Amino acid sequence: SDGSESSIGIANLLQDLGPACTRNANVFRETIAEISNNSTLNEPAIARIIFFFSDKGRDSDGSALMGVSSALLGSLIPGRGLETSADGWNLNAVAEVLEQDYALRDWNLVAAYWDFPGFLMKDADQFRTLVHLYRAGAKRIPPLRAFTVQWRNTPGQLSVIESIVAVSQSVFVCPLNDEELADASTAAPGASGIDPQCFASMDILQRLLFLSDIPALYRRVRDLVVKGLLSCPEVLLCSLVR
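None of the values given here were measured: they were computed from a predicted structure.

Quick look at the overall build of the protein chain
Now for step 1: Per the secondary structure count, the protein chain includes 13 helices and zero strands.
Now for step 2: Its helices and strands in sequence order give the protein chain the pattern α-α-α-α-α-α-α-α-α-α-α-α-α, from N to C terminus.
Now for step 3: The buried share of the protein chain, reckoned over its 242 residues, is 48%.
Now for step 4: In the protein chain, once contacts between residues fewer than 6 apart in sequence are set aside, the share between residues at least 24 apart is 79%.
Now for step 5: Only carbon and sulfur atoms are counted for the fraction: they give 54% of the accessible area of the protein chain, which is about 11,600 Å².

Regarding unusual backbone geometry
Now for step 1: Look at lysine 139: it is not a glycine, yet its phi comes out positive at around 65 degrees.
Now for step 2: Here lysine 139 is to be found in the loop between helix H7 (124–138) and helix H8 (145–148).

Observations concerning helix H9 (residues 154–166)
Now for step 1: The terminal C-alpha atoms of H9, which comprises 13 residues, lie 18 Å apart, in line with the 18 Å expected from a rise of 1.5 Å per residue.
Now for step 2: Looking at the buried residues of H9, the elements they touch are H7, H8, helix H11 (202–212) and helix H12 (218–231).
Now for step 3: Where H9 begins, the side chain of asparagine 153 points an oxygen toward the backbone nitrogen of glycine 156, at a separation of 3.0 Å.

Considering the packing of helix H3 (residues 43–54) against H7
Now for step 1: H7 packs onto H3 with a crossing angle of 140 degrees between their chain directions and a minimal axis gap of 8 Å. Taken together, H3 and H7 sit at an angle that is classed as oblique. Between H3 and H7 the crossing geometry is right-handed. In contact with Ile50, Phe51, Phe53 and Ser54 of H3, H7 contributes Gln126, Thr129, Leu130, Leu133 and Tyr134.
Now for step 2: Taken together, the residues that form the contact of H3 with H7 break down as six nonpolar, three polar and no charged.

A closer look at the pattern of salt bridges
Now for step 1: Counting across every chain of the model gives six salt bridges.
Now for step 2: For arginine 128, the salt bridge identified is with aspartate 125, shortest N-O distance 2.4 Å. Of this pair, arginine 128 and aspartate 125 both sit in helix H7, separated by three residues, roughly a single helical turn.
Now for step 3: One salt bridge connects glutamate 162 with arginine 220, and the closest N-O pair in it is separated by 2.9 Å. Placement of the pair is glutamate 162 in helix H9 and arginine 220 in helix H12, with a sequence separation of 58 residues.

Quick look at the side chain of glutamine 197
Now for step 1: Within the element layout of this structure, glutamine 197 appears in the loop between helix H10 (178–184) and H11.
Now for step 2: Using a relative accessible area of 16% as the deciding quantity, one classes glutamine 197 as buried.
Now for step 3: Not counting the four nearest positions on each side in its chain, glutamine 197 is found in contact with Gln169, Val173, Cys174, Leu176 and Ala184.

Looking at the packing of aromatic side chains
Now for step 1: For the coordinates displayed, the defined rule picks out 15 aromatic pairs.
Now for step 2: Ring centres of tryptophan 114 and phenylalanine 119 lie 6.1 Å apart, and the angle between their planes is 25 degrees; this geometry places the pair in the stacked category. Take tryptophan 114 and phenylalanine 119: they sit in the same class, and that class is buried.
Now for step 3: Taken together, Phe51, Trp107, Trp114, Phe116, Phe119, Phe127, Tyr134, Phe147, Trp151 and Phe172 form an aromatic cluster joined through their ring pairs.

Considering the environment of leucine 236
Now for step 1: Here leucine 236 shows up in helix H13 (residues 233–241).
Now for step 2: Note: C-alpha distance between leucine 236 and glutamine 197 (39 residues apart in sequence) is 9.6 Å.
Now for step 3: Setting aside anything within four residues of it in sequence, one finds leucine 236 in contact with Phe199, Leu205, Val225, Gly228 and Leu229.

Thoughts on the nonpolar core
Now for step 1: In this structure, Leu14, Ile50, Phe53, Trp114, Phe127 and Ile164 are the most contacted members of the largest nonpolar core, which totals 69 residues.
Now for step 2: Excluding anything up to four places from it in sequence, phenylalanine 127 contacts Met121, Phe147, Val160, Ser163, Ile164, Val167 and Phe172.

Definitions and cut-offs
Residues numbered from 1 in each chain as written. Predicted model: local features only at pLDDT ≥ 70, side-chain atom pairs only at ≥ 80, totals over all residues. Heavy atoms only, no water. Helix = DSSP H or I, 4+ residues; strand = E, 2+ residues; numbered from the N terminus. Buried < 20%, exposed > 50% of the residue type's maximum accessible area, 1.4 Å probe, protein only. Contact = heavy atoms within 4.5 Å. Areas by Shrake-Rupley, 256 points an atom, 1.4 Å probe, with all protein chains shown as cover. Expected span 1.5 Å × (residues − 1). Polar contact = N/O pair within 3.5 Å; in protein donor to acceptor, adjacent residues only side chain to side chain. Axes fitted to C-alpha atoms, helices over the stretch in contact; angles between N-to-C directions. Parallel < 35°, antiparallel > 145°, perpendicular 65-115°, else oblique. Left-handed = near helix turned anticlockwise from the far one by under 90°. Nonpolar A, V, L, I, M, F, W, Y, C, P; charged D, E, K, R; others polar. Salt bridge = Lys/Arg side-chain N within 4 Å of Asp/Glu carboxyl O. Phe/Tyr/Trp six-rings, centres within 6.5 Å; stacked < 30°, edge-to-face > 60°. Core = buried A, V, L, I, M, F, W, Y, C linked by side-chain atoms within 4.5 Å.

Here is the structure:
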């Protein structure tokens, strides 16, 4: 087994425990040790946990859960339930543990394990958090190839590509070869709204063409291509001709 089933269980337990388990890095580290039977997280579990926390930045009511969460944590780790905090989910604590404890994991494999049922980027902010937490452990952004190879969860894959197009290059940069860079350079100065480099990437374009053949995804792919035509038509034309 690749550990996928146990990784689902760990993410579910973190959800049950609530924000108190991320009060600080030491508490989160102890929580992980307790719910994983004192073993370290494997790549499937890291992938699940990063996805789980990528959606927690939007939890504006996290602080309201702290009382119940602290009590649950105290039942798992003696003494920890007595600590108090008004904060919600502390993603900095999660990033710190990933950086300090998991830098030697195979981070290419972590990114590959995001292809699971239920993985979906709701918006660009969630993708920014996903990349931030991944970068904490890997010291680099996820490889583009992890998002453009064949996925079983095609709606989730398209949501990632939509996010890549929407975020700035300070968050995610599409690697391009010389020909693709030449195409990207045709973008009109001041082109805004999307990253023109994305539409110069043959990997992204080929994956979009594949996804457009799926009836449930066709409209989303079409809308994304229309954005490219409106924002950087020169880049898209050059890429398609190539």
